[in-house]
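# Examination of the molecular architecture
Each chain is listed here by its residues.
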Amino acid sequence: EEIRSEFGYLLDALESGAPPHGGMAFGLDRLVMLLANEESIRDVIAFPKTTQGSCSLTNSPSEVKQQQLADLHLVTLDPEKQNKKK
């Protein structure tokens, strides 16, 4: 259930099989951007992220559980507390 809630979008996508390129990309979207004389890759890419850097397909970025941070030996810093120390 936890895996489905966190990676459901990926599991649904892989039901159709792995991509034929195996995840290796050649940067064709950037080449198309240059050939089309566009300023932004979002103008030519099929599933662009928004200007805020979020992805509607994967619903990212999203909250990270404290256990995930602990597993990776990461900590988060509160910017407000950091500014008060200065």
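Computed from a prediction, not measured in an experiment: that's the story for all the values here.

On to the overall build of the protein chain, then. For the protein chain, the helix and strand inventory stands at 4 helices and 0 strands. In the protein chain, the succession of α and β elements from N to C terminus is α-α-α-α. Scored against the burial criterion, the 86 residues of the protein chain give a buried share of 7%. When the accessible surface of the protein chain is summed, it comes to about 8,100 Å², and 57% of that surface belongs to carbon and sulfur atoms.

Residues Ile-3, Phe-7, Tyr-9, Leu-10, Leu-11 and Leu-14 make up a contiguous nonpolar surface patch of roughly 540 Å² in combined accessible area. Here Tyr-9 is to be found in helix H1 (residues 2–14). For Tyr-9, a relative accessible area of 36% corresponds to the partly exposed category.

For the rest of this paragraph, the subject is unusual backbone geometry. With a phi angle near 55°, Asn-37 is a residue other than glycine that sits in the positive phi range. Along the chain, Asn-37 falls in the loop between helix H2 (28–35) and helix H3 (66–71). Given a relative accessible area of 69%, Asn-37 falls into the exposed group. The backbone phi angle of His-73 is positive, close to 55°, even though this residue is not glycine. Looking at the secondary structure, you find His-73 in the loop between H3 and helix H4 (79–85). In this structure His-73 comes out as exposed when scored by relative accessible area, which is 74%.

Reading the values: the criteria
Residues numbered from 1 in each chain as written. Predicted model: local features only at pLDDT ≥ 70, side-chain atom pairs only at ≥ 80, totals over all residues. Heavy atoms only, no water. Helix = DSSP H or I, 4+ residues; strand = E, 2+ residues; numbered from the N terminus. Buried < 20%, exposed > 50% of the residue type's maximum accessible area, 1.4 Å probe, protein only. Areas by Shrake-Rupley, 256 points an atom, 1.4 Å probe, with all protein chains shown as cover. Patch = residues over 30% accessible without salt bridge, like charges linked within 9 Å, V, L, I, M, F, W, Y side chains within 5 Å. Salt bridge = Lys/Arg side-chain N within 4 Å of Asp/Glu carboxyl O.

These figures capture arrangement, not role.
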